[in-house]
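These are the residues of each chain, in order.
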Amino acid sequence: MIFSKIVENKFDLREGQLIKSKCGRDKDGIFVIKQILDNDYVLLIDGDERKIEKPKRKNIKHISKINMTLDDYKTMSNGELKKAIKLFKEGSVNVKK
């Protein structure tokens, strides 16, 4: 798994970007953006509660952007995605600059 720092406009969202939930039952959870639906909503996955097969639809007003993407999230299984997010939380990630 490879993480990359984002150096573009901090307000842009990207597929594969890590985010933190600000509201709801999943508050303070770390997720990966699976898909950007429109200007207001994204689909989020974490490999645990929100599996790749059943992502969470979330309003972008309720998320905080993290300046990091998970490059190979599309090829990961739920277990690998869960492990990658856990490594990010622990601070032990490989960052590609």
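Here the structure is a predicted model, which means the values were calculated and not measured. (Residues numbered from 1 in each chain as written. Predicted model: local features only at pLDDT ≥ 70, side-chain atom pairs only at ≥ 80, totals over all residues. Heavy atoms only, no water.)

(A) Structural detail: the layout of surface pockets. Of the volumes computed, that of the largest pocket is approximately 300 Å³. In terms of lining residues, the largest pocket is bounded by 17 residues, among which D26, F31, D46, E49 and R50 are the most central. The element best represented in the lining of the largest pocket is helix α1 (residues 78-90), accounting for four residues. Here the lining of the largest pocket is composed, by residue class, of four nonpolar, two polar and 11 charged. (1 Å grid on protein atoms, 1.4 Å probe; cavity = no way out; pocket = protein on both sides within 12 Å on 5 of 7 lines; lining within 4 Å. Points joined across faces, edges and corners; volume = space filled by probe spheres on them. Helix = DSSP H or I, 4+ residues; strand = E, 2+ residues; numbered from the N terminus. Nonpolar A, V, L, I, M, F, W, Y, C, P; charged D, E, K, R; others polar.)

(B) Local environment of the nonpolar core. Ranked by size, the top nonpolar core spans 13 residues in total, and within it L18, V32, L70 and L81 carry the most contacts. Elements that contribute at least two residues to this core include exactly β3 (30-36), β6 (63-70) and α1. The dominant element in this core, judged by the number of residues it contributes, is α1, at four residues. One finds I19, V42, L44 and I63 within the second-largest nonpolar core, a separate group that totals six residues. (Core = buried A, V, L, I, M, F, W, Y, C linked by side-chain atoms within 4.5 Å. Buried < 20%, exposed > 50% of the residue type's maximum accessible area, 1.4 Å probe, protein only.)

(C) How the structure looks around the pattern of salt bridges. Per the counting criterion, the structure on display carries three salt bridges. The salt bridge involving K58 is made with D26; its shortest N-O contact spans 2.9 Å. Of this pair, K58 sits in strand β5 (residues 56-59) while D26 sits in the loop between β2 (17-21) and β3; the two residues are 32 residues apart in sequence, bridging distant segments of the chain. When its relative accessible area of 7% is taken as the criterion, K58 is described as buried. The buried category is assigned to D26, whose relative accessible area is 16%. D48 serves as the salt-bridge partner of K82, at 3.7 Å between the closest nitrogen and oxygen. Pair noted here: K82 is in helix α1 and D48 is in the loop between β4 (41-45) and β5, with a separation of 34 residues, a long-range link. Its relative accessible area of 42% is what places K82 among the partly exposed residues. By relative accessible area, which is 36% here, D48 ends up partly exposed. (Salt bridge = Lys/Arg side-chain N within 4 Å of Asp/Glu carboxyl O.)

Nothing here speaks to function; it is all geometry.
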